[in-house]
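# A look at the structure
For reference, the chains in residue letters:
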Amino acid sequence: MAAANYLSSEDQFLCSICLDVFTDPVATPCGHNFCKNCITEHWNISDRCQCPLCKEAFTTRPNLKVNTFISEMVAQFRQSAQQKASSSSSEQQVFKPGEVPCDVCTGTKLKALKSCLVCLVSYCETHLDPHLTASRLKRHQLIDPVENLEGRMCTKHEKPLELFCKTDQTCVCMLCTVLDHKTHDVVPLTEEYEVKKIELGRTGAEIQQMIQKRRLKIEEIKHSVDLSEEDADTEIAEGVQVFTSLKESVERGLNELINTIKEKQKTTENQAKAFIKELEQEISELMKKSTEVEQLLHSEDHLHLLQSVQSLNIQQPPPTKDWTEVSVRPSSYEGTVVKAVVHLEKTLSEEMKKLLPESELKRVQQYAVDVTLDPDTAHPELILSDDGKQVNHGDVKKNLPDNPERFSRYCIVLGKQSFSSGRFYFEVQVKGNTDWVLGVARESINRKREITASPQKGFWTIVVIKRNDCYALADPPVRLSLKSFTQKVGVFVDYEEGLVSFYDVDAAALIYSFNGCSFTEKLFPYFGPYDGGKNSAPLIISPVRVN
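A quick note: this is a predicted structure, and the numbers were derived from the prediction, not measured. (Residues numbered from 1 in each chain as written. Predicted model: local features only at pLDDT ≥ 70, side-chain atom pairs only at ≥ 80, totals over all residues. Heavy atoms only, no water.)

### Quick word on the packing of aromatic side chains
To keep it simple, the criterion reads: Any two of the Phe, Tyr and Trp rings considered here, Trp counted by its six-membered ring, make a pair once their centres fall within 6.5 Å; the pair's planes then place it as stacked at under 30 degrees, edge-to-face at over 60, or tilted in between. Helical segments are the DSSP runs of H or I of at least four residues, strand segments are the runs of E of at least two, and each set is numbered from the N terminus. Categorising residues by exposure relies on relative accessible area from a 1.4 Å probe, with only protein chains included: less than 20% of the type maximum marks a residue as buried, more than 50% marks it as exposed, and the intermediate range marks it as partly exposed. A ring has a charge above it when a Lys NZ or an Arg CZ is no more than 6 Å from the ring centre and no more than 35 degrees off the ring normal.
Summed over the entire model, instances satisfying the criterion amount to eleven aromatic pairs. With centroids separated by 5.5 Å and ring planes inclined at 80 degrees, the aromatic side chains of Phe459 and Tyr526 adopt a geometry described as edge-to-face. On the criterion of sequence distance, the pair formed by Phe459 in strand 14 (residues 459-465) and Tyr526 in strand 20 (residues 523-529) is long-range, its members being 67 residues apart. Both rings, one in Phe502 and one in Phe514, keep their centres 6.2 Å apart while their planes meet at 70 degrees; by these two values the pair is edge-to-face. Note that Phe502 is positioned in strand 18 (residues 499-504) and Phe514 in strand 19 (residues 509-514), a separation of twelve residues in sequence. Phe514 shares its class with Phe502; the two are buried. Three or more aromatic residues joined by ring pairs form one cluster here, namely Phe407, Phe459 and Tyr526. In this structure, Lys321 is placed above the aromatic ring of Trp323, and the distance from its NZ or CZ to the ring centre is 4.7 Å.

### Focus on the pairing of strand 14
Counted only if it meets this: In this scheme, strands are said to pair when DSSP sees at least two bridges between them.
A large share of strand 14 lies buried, amounting to six of its seven residues. As paired strands, strand 13 (residues 436-442) and strand 14 are joined by six bridges and run antiparallel to one another. Following the sheet pairing, Val437 is matched in strand 14 by Val463. Pairing between strand 14 and strand 15 (residues 469-472): four bridges, direction antiparallel.

### Focus on the sheet that holds strand 11 (residues 413-414)
The strand order across the open sheet built from six strands is 11-20-13-14-15-16, with neighbouring strands paired in antiparallel fashion. Each edge of the sheet is formed by a strand with only one pairing partner; in this case those strands are strand 11 and strand 16 (478-480). Taken together, the two bridges between strand 11 and strand 20 define a ladder with antiparallel strand orientation. Directly across from Leu414, in strand 20, lies its bridge partner Tyr526.

### Observations regarding the state of the cysteines
For clarity, the threshold we go by: Throughout, disulfides are identified as pairs of cysteine sulfur atoms within 2.5 Å of each other.
Throughout the structure, instances matching the rule amount to zero disulfides. Here Cys116 is not cross-linked by a disulfide; its sulfur's nearest cysteine counterpart is in Cys119, at 3.6 Å.

### Overview of unusual backbone geometry
Residue Pro476 is reached from Asp475 by a cis peptide bond, and omega for that bond is 5 degrees. By secondary structure assignment, the location of Pro476 is in the loop between strand 15 and strand 16. Positive phi, close to 55 degrees, is recorded for Asp24, a residue that is not glycine. Among the secondary structure elements, Asp24 is positioned in the segment before strand 1 (25-27).

### What about the pairing of strand 19?
Direction of pairing for strand 18 relative to strand 19: antiparallel, over a ladder of five bridges. Counterpart to Asp504 in the pairing with strand 19 is Ala509. In this structure, the hairpin formed by strand 18 and strand 19 is closed by a connection of four residues, where Ala508 is found at a positive phi of approximately 50 degrees.

### Things to note about a nonpolar patch on the surface
Selection criterion: Only residues above 30% relative accessible area that lack a salt bridge enter a patch, with like-charged residues linked at up to 9 Å and the nonpolar side chains Val, Leu, Ile, Met, Phe, Trp and Tyr linked at up to 5 Å. Using a 1.4 Å probe, the Shrake-Rupley method yields the accessible areas, and only the shown protein chains count as cover for residues. We count a salt bridge whenever a side-chain nitrogen from Lys or Arg sits within 4 Å of a carboxyl oxygen from Asp or Glu.
Where nonpolar side chains cluster on the molecular surface, the patch consists of Leu175, Val178 and Leu179 and spans about 270 Å² of accessible area. Within the fold, Leu175 resides in helix 5 (residues 174-178).

### As for the pattern of salt bridges
Following the criterion strictly, the structure yields twelve salt bridges and no others. One salt bridge in this structure joins Glu450 and Arg409, with 3.4 Å as the shortest N-O distance. Of this pair, Glu450 sits in the loop between strand 13 and strand 14 while Arg409 is found in the loop between strand 10 (390-393) and strand 11, placing the two residues 41 residues apart along the sequence. A residue is classified by how much of its surface remains accessible, and Arg409, at 46% relative accessible area, is partly exposed. A salt bridge links Asp494 to Arg423, with the shortest nitrogen-to-oxygen separation between them at 3.0 Å. Residue Asp494 is located in strand 17 (residues 488-494), and its partner Arg423 is located in strand 12 (residues 423-429); the two are separated by 71 residues in the primary sequence. When its relative accessible area of 6% is taken as the criterion, Asp494 is described as buried. With a relative accessible area of 35%, Arg423 lands in the partly exposed category.

This is the structure:
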């Protein structure tokens, strides 16, 4: 069979069985050409003697002879292909930009295979041969081809740079070590090469680690963007639902207002129409009477006039209504819009309570964190549970170390966990407590002296006094309408957004939000049960269960 790999013009000389250039081409009676060996083997293993291309069957196996014309054409093609392949091989050795040329070649420069550090010359395959065969040249140091061989020579002594001065961190020649670097720490280039190679390996590994960390950070950022996009889509969907509902409520309120005003106006119009109709009837009767009077006034029949006056009682005007006090007063619309707005406000408030809190609470509950109480910060009168999840006020002040973290003026304890970025949420059971304070505080708050809790002082808290009065400790404090039966309070913080929100968990209602806060320090959960021992029920950090 034929040898492999020819140029694209070989297609017309390919055997359809072996897919290679013909060897001893023969033609079947149907006119198709194949390699003699290929078609013979094909018929040897086949049940029928037929053409592999057109499937024409032959009753007896044809006596095939080599097609001399095609055979000669194939031979010419093979010769041409070999010449082209040889020419291509020679061209690949020609020096190309970016490669090192042979310094010995004249005319066309061929690609150098090696450079000699003794001769300071780069050689192609042909001119390199003496260095591989001559005994005196075999001792020369050959390296992979490089440009600027002069740069590998000592400019002062014109000797190869074969050593490395560790003292001066520079490459030197043999004479340099005897003269200028006599007392220095000098090692062979190969030794320092290995050292530097190891250092570069470490550096490369560190760089790869840095690259990997940054790639992971990119993935983290992309993931954050994806999560943000999902949150945005969810928030938009919820927003559309809420505002659509509120819009419908506003439209209903507006329609009710318009209908109320129109009904008032219709009532006024109907009253006026009734009066006008009654007046027109009286006018009709009066005009009729007036006509009769006019007719009698023009009568010259004395008897007729007197009889008519008597019989018709013409001198008495027809009975009519006293219209002196009758009037149509314009409808009063004063307060109609205000009442409608008040009603709308109430409706919207109810709608918002239905639409917002539950979904909003579910959203923030996704950021639940595990919070435990820090005994090193607890006021001596506070009693903490062993698991760090409960705190209540005791009657006895314990003798504890007055460390800097401990509150000594107010009955406060902080959580162990601190937060300086992102979002976090925790829930506290306040059932049975009459007085308590909850929220977050920054790390640098005053823990020893009297303090006024406010955002300016580093506190974002709400406080309940005697179970009835509830305040957000803003500046000034804001009174809140916290329900007396509230049993569990959720605290949510978005550090970057500067938001601290409090929720009535059971009612899924927002209690209060501190907005536009500026956080620059670590934030700690903040707990305070009060009332000098009477407030026996503890504050309990509860596991978050999404409703």
